[in-house]
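Observations on the model geometry
If you want the building blocks of each chain, they are given just below.
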Amino acid sequence: MNVFFEGALKSGVSDSLKSLYGMEAGIDSIHFQETKKEFEGDVTLVTFPFIKSSKKSPEETGKEIGKYLEEKTNFIASFNVVKGFLNLVITEEFWKNFFLTVSADPSWLFDPTKNETLSRGKKFLMVEYSSPNTNKPLHLGHVRNNLLGYSVAGILEAAGHRVMKVNLVNDRGVHICKSMLAWKKFGHGETPESSGMKGDHLVGKYYVLYDRKYKEEVEHLVNKGTVREEAEKKAPLQLEIQDMLRKWEAGDKETLDLWNLMNGWVYKGFDVTYKKLGVGFDKMYYESNVYLLGKKIVEEGEEKKVFFRKEDGSVWVDLTDVGLDQKLLLRGDGTSVYITQDLGTAQLRFDEFPGLDQLIYVVGNEQEYHFKVLKEIFKKLKRPWVDGLFHLSYGMVDLPSGKMKSREGTVVDADDLIKEITEEAEMTTKALGKLDDFDSEEAKHLYHVIGMGALKYFILKVDPKKRMLFNPAESIDFNGHTGPFVQYTFARIRSVMRKGENVNFSVSLSLQNIRMTKEEKHLVRLIYNYPSVASEAAAGLSPALIANYVYELAKAFNHFYHDHVIVDEAAMELSVFRLQLSALTAAVISRSMNMLGIEVPEKM
RNA sequence: GGUCCCGUAGCUCAGUUGGAUAGAGCAACUGCCUUCUAAGCAGUAGGCCAUUGGUUCGAAUCCAAUCGGGAUCACCA
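Quantities reported herein were computed from a predicted structural model and do not represent experimental measurements. (Residues numbered from 1 in each chain as written. Chains lettered and ligands numbered in written order. Predicted model: local features only at pLDDT ≥ 70, side-chain atom pairs only at ≥ 80, totals over all residues. Heavy atoms only, no water.)

Notes on the sheet that holds strand 11 (residues 358-364)
With respect to topology, five strands assemble into an open sheet ordered 7-6-5-11-12, the strand pairing being parallel. Both outer strands of the open sheet, strand 7 (283-286) and strand 12 (389-394), are each paired with one neighbouring strand and no more. Pairwise comparison of adjacent strand axes, ignoring direction, gives a mean angle of 25° for this sheet. Across six bridges, the pairing between strand 11 and strand 12 is parallel. Within strand 12, the position partnered with Val 363 by the bridge is Ser 393. Packed onto the sheet, helix 6 (residues 140-158) meets strand 5 (124-128), strand 6 (162-169), strand 11 and strand 12 and runs at close to 160° relative to strand 6. Lying over the sheet, helix 15 (residues 338-352) contacts strand 5, strand 6, strand 7, strand 11 and strand 12, oriented at roughly 145° with respect to strand 11. (Pairing = 2+ DSSP bridges. Helix = DSSP H or I, 4+ residues; strand = E, 2+ residues; numbered from the N terminus. Axes fitted to C-alpha atoms, helices over the stretch in contact; angles between N-to-C directions. Contact = heavy atoms within 4.5 Å.)

Observations regarding the protein's contact with RNA strand B
Taken together, the neighbourhood of RNA strand B is formed by 65 residues, with Asp 312, Lys 434, Arg 492, Ser 495 and His 564 sitting nearest. Sugar plus phosphate: this is where 64% of the atoms of RNA strand B within 4 Å of the protein reside. One of the side-chain N or O atoms of Lys 36 is found 3.3 Å from a phosphate oxygen in RNA strand B. At 2.9 Å from a phosphate oxygen of RNA strand B is found a main-chain nitrogen or oxygen belonging to Leu 469. For the surface near RNA strand B, the secondary-structure elements that each account for two or more residues are strand 2 (43-46), strand 4 (85-90), helix 16 (368-380), helix 17 (414-432), strand 14 (468-469), helix 19 (483-501) and helix 21 (543-563). Taken together, the residues of the surface near RNA strand B break down into 26 nonpolar, 18 polar and 21 charged. (Near = heavy atom within 4 Å. Polar contact = N/O pair within 3.5 Å; in protein donor to acceptor, adjacent residues only side chain to side chain. Nonpolar A, V, L, I, M, F, W, Y, C, P; charged D, E, K, R; others polar.)

A word on the layout of surface pockets
For the largest pocket, the calculated volume is near 1600 Å³. Elements supplying a minimum of two residues to the lining of the largest pocket: helix 6, helix 9 (199-223), helix 15 and strand 11. It is helix 9 that contributes the most residues to the lining of the largest pocket, nine residues altogether. Among the residues making up the lining of the largest pocket, the classes are represented as 17 nonpolar, 17 polar and 15 charged. Of the pockets and cavities examined, the second largest pocket occupies roughly 950 Å³. Forming the walls of the second largest pocket are 27 residues, and the residues nearest its centre are Lys 37, Gly 41, Lys 518, His 522 and Arg 525. For the lining of the second largest pocket, the secondary structure elements donating two or more residues are strand 4, helix 20 (518-540) and helix 21. Split by residue class, the lining of the second largest pocket holds seven nonpolar, seven polar and 13 charged. (1 Å grid on protein atoms, 1.4 Å probe; cavity = no way out; pocket = protein on both sides within 12 Å on 5 of 7 lines; lining within 4 Å. Points joined across faces, edges and corners; volume = space filled by probe spheres on them.)

Right, here's the structure in full:
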């Protein structure tokens, strides 16, 4: 619902309670809900909370409030009371006025500077997402992360916030060293060019190879009588990795050159995948640049006696007072751990961007503990921006066979997935055979748009915090509650509008002689709801809300389309109204899908 | 074991600031294309909202316990 009339309605109810029963009810304590389909009305007020004051039956109370509203406000046409539920019918005049307003200027719906429902307090937000390791290509789990992050940023922007999308690339550490070492020993100088492999896949291949060779070494040692734990530490490859890490930290040229070379391959590969996913970033951070930053904060904490040092020189924070554990912040040898760098980067960002209100981390739920710790530490350090730290946690993507495991080869690779889904879109589209006038470039683009629409919608429509099941064989559908369904509805509207453009209607939009049908009113209502849905989605960082809303809207349009003739030369005024209604629906669909990062096609 | 998240139709999911008879889609079965795109529309069937107890005018929604599933509690990142 929308402040457009909700505010007035609430104060109407508040007034009525006061004058009828002498009850002081704050505007915020009054809640409406949409009237259920089975009953007549647009909004419903539950009267039970008021019967204590009214000392009358729910029915009676409802009737009195309804009567009051009908008389004292100008947009209640009628009302009825069923079992204590006061159903209010909004006047057709109201919907017509709304429709005329947004038809004349659709920006009223979309522009946060014009629509106060849409923007409730402009903020400056940073969304960190993606944050890949550079030792292997992206998989399905990353896909969920990227789509979520990009979409959340889009939703926040649509609500009028200033948003920065950032990516913290995990470009250093043992994982990349493993790929480097395996490539150096077994790669024979193989490159993306020589192998024809995408760079990230090539590097990933050596990561897997390292793991295999390392296991062989461990088994070999175990067979010769070494205890497994011991063998894992003493395998030659493991020792070489340690050596390589040290060299990297010491700035050894040969190591850094190799590191740069292989990371370069990976970035090229990532760029291709990001582009296909349609995601992007305003700023890239690299762990190799920031991993030392946290040390200053550790020093500060020590001075402030918030942290403490153990005999071996390691620095810790004690969080047992807030139900967490003691946490290591700096190793005895002075090197940093994972959280050290996150301390540093968080500080860096608030320093770098004055006025930053919120830092949203889109990271899997396996790191909930980590972010809790991070926040508690900054709380102890009394950072004024600590409440702006937010971990947008999401669940794993599981396969029917269970968890994805890279070592067991059960990961769903992002590039493969995109390829398959695009091919599927192509097959389906061709089978329907509606694209005779498309050239091959256009067609290719369309397959991609539809395929990605299906994938993105599939992932974004579910609540982020739930783990979701992905069945590669049957998960992605193009019918029903899917992205392509919504895309199709948009294309259908555009098709009708093209027909409308070819007809010369010599009247302008006027609703004087029009009685809206049930379906038309339903559509107008849904369009009316857009700003509050958008604003709710922004407040809750929830793409799923948008996805479900736009589905409902598309369904409502298809229903309307089925029962009504839109372009009819014999009924000019009506046609102009219906075309306008269709156009507005299309605009809202397009906007909503955009927030999900999904394109809508003119034809499909 | 402690902490956190999840459990709704055969399957995938909505609905969770307490409100009326719990909603979609897929799969199954029926209809609807000489008229604006049938990737559509209409219909049938499918439910002990994990279980038990509590809170109250009212509970899928809040509280407690139990049972299932997952995550986490590293001098890994």
